[in-house]
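So the chains spell out like this:
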Amino acid sequence: MVSSAGQPEKTPTRSRRSDAVRNQQTLLAAAAEVFAASGIDAPIREIAARAGVGVGTVYRHFPTRADLAVAVYRHQVEACAEAGPALLAETGSPLAALRQWVDLFVDFLVTKHGLANTLQADSGFDALHSYFLDRLVPVCSQLLDAAVDAGEIRPGTHAFELMRGIGNLCIGRDSDPRYDPRRLIDLLLQGLRQPQSP
């Protein structure tokens, strides 16, 4: 485009960049939903349709399925990490915030198990797992500490062991559609509660 002064007009770079980031976030959210519903081997056209873009757009951002899987993994870790402090600020009770965060964490784990099979062959999988722990263990710890400080749960539960326990409860879902880990996770969270005085 040319301005009235005869000089070429520049499209604001920041605007283009923010549009590209927003489009990529939409694409990653769509891929996560499709992976959770249809598995990691779901057709790319299904992901493109869910995101409202063409298949070429998916491949332009993520040339291989492994590239897409890594990006979805990182996107979900970040969403889960950012949700913890937001839930604490918005929710009336730290235990309620912890429960909502655990629900998001379970959604992530359900997708993660499918992603793990694709990512295991990638030499960077160990680095991704470390990234997962570095980002999410402190968030879970913050939620647990807030619930302890509020007198809602007993002290002594470590974030890593709670996350590991939840992860172990989620594993069976892949092989048995009748199994719903959320019921057992709810029992696990009930077991953390501080006993009420008579």
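Our subject is the structure that appears above.
Residues numbered from 1 in each chain as written. Predicted model: local features only at pLDDT ≥ 70, side-chain atom pairs only at ≥ 80, totals over all residues. Heavy atoms only, no water.

Let's talk about the overall build of the chain
Then, number 1: If you tally the helices and strands in the chain, you get eight helices and zero strands.
Then, number 2: Starting at the N terminus and ending at the C terminus, the chain contains elements arranged as α-α-α-α-α-α-α-α.
Then, number 3: Each of the 198 residues in the chain was classed as buried or not, and the buried ones make up 34%.
Then, number 4: Excluding contacts between residues fewer than 6 apart, the proportion of contacts in the chain whose partners are at least 24 apart in sequence is 66%.
Then, number 5: Counting only carbon and sulfur atoms, one obtains 52% of the accessible surface of the chain, whose full area is about 11300 Å². (Helix = DSSP H or I, 4+ residues; strand = E, 2+ residues; numbered from the N terminus. Buried < 20%, exposed > 50% of the residue type's maximum accessible area, 1.4 Å probe, protein only. Contact = heavy atoms within 4.5 Å. Areas by Shrake-Rupley, 256 points an atom, 1.4 Å probe, with all protein chains shown as cover.)

What about the side chain of His75?
Then, number 1: By the element assignment, His75 lies in helix α4 (residues 65-90).
Then, number 2: Overall, the relative accessible area of 19% leaves His75 in the buried class.
Then, number 3: Non-local contacts of His75, meaning those with residues more than four positions away in its chain, are made with Gln25, Leu28 and Ala29.

Considerations on the packing of aromatic side chains
Then, number 1: Inspection of the entire model under this criterion finds five aromatic pairs.
Then, number 2: Seen in terms of ring centroids, Trp101 and Phe105 are 5.3 Å apart; in terms of plane orientation they differ by 5°. Their pairing is stacked. In this pair, Trp101 and Phe105 are both assigned in helix α5 (residues 94-119), four residues apart and thus about one turn of the helix distant.
Then, number 3: A relative accessible area of 1% means that Phe105 is categorised as buried.
Then, number 4: Ring pairing ties together the aromatic residues Tyr73, Trp101, Phe105, Phe108 and Phe132, which thus form one cluster.
Then, number 5: Arg74 extends its terminal NZ or CZ atom over the ring of Tyr131, reaching a point 4.2 Å from the ring centre. (Phe/Tyr/Trp six-rings, centres within 6.5 Å; stacked < 30°, edge-to-face > 60°. Lys NZ or Arg CZ within 6 Å of the ring centre and 35° of its normal.)

Describing the pattern of salt bridges
Then, number 1: Evaluation of the coordinates by the stated rule reveals five salt bridges.
Then, number 2: With a shortest N-O distance of 2.7 Å, Glu33 and Arg50 are connected by a salt bridge. Within this pair, whereas Glu33 is found in helix α1 (residues 13-38), its partner Arg50 is found in helix α2 (residues 44-51), the two being separated by 17 residues in sequence.
Then, number 3: Of the charged contacts, one joins Arg182 and Asp103 as a salt bridge, the two residues approaching to 2.3 Å between their closest N and O atoms. In this pair, Arg182 sits in helix α8 (residues 181-192) while Asp103 sits in helix α5, placing the two residues 79 residues apart along the sequence.
Then, number 4: Its relative accessible area of 30% is what places Arg182 among the partly exposed residues.
Then, number 5: Here the salt bridges share partners, and the residues they tie into one network are Asp103, Asp107 and Arg182. (Salt bridge = Lys/Arg side-chain N within 4 Å of Asp/Glu carboxyl O.)

Points about the nonpolar core
Then, number 1: Counting 34 residues, the largest nonpolar core has Trp101, Phe105, Leu136 and Ile166 as the members making the most contacts within it.
Then, number 2: Contributions of two or more residues to this core are made by α4, α5, α6 (125-149), α7 (159-171) and α8.
Then, number 3: For this core, the element with the highest residue contribution is α5, accounting for 10 residues.
Then, number 4: Once residues within four sequence positions are removed from consideration, Trp101 is found in contact with Cys80, Ala83, Gly84, Leu87, Leu136, Val139, Cys140, Leu143 and Met163.
Then, number 5: Counting 19 residues, the second-largest nonpolar core is a separate cluster that includes Ala30, Ala42, Ile47 and Val58. (Core = buried A, V, L, I, M, F, W, Y, C linked by side-chain atoms within 4.5 Å.)

No statement about biological role is implied by the geometric values presented.
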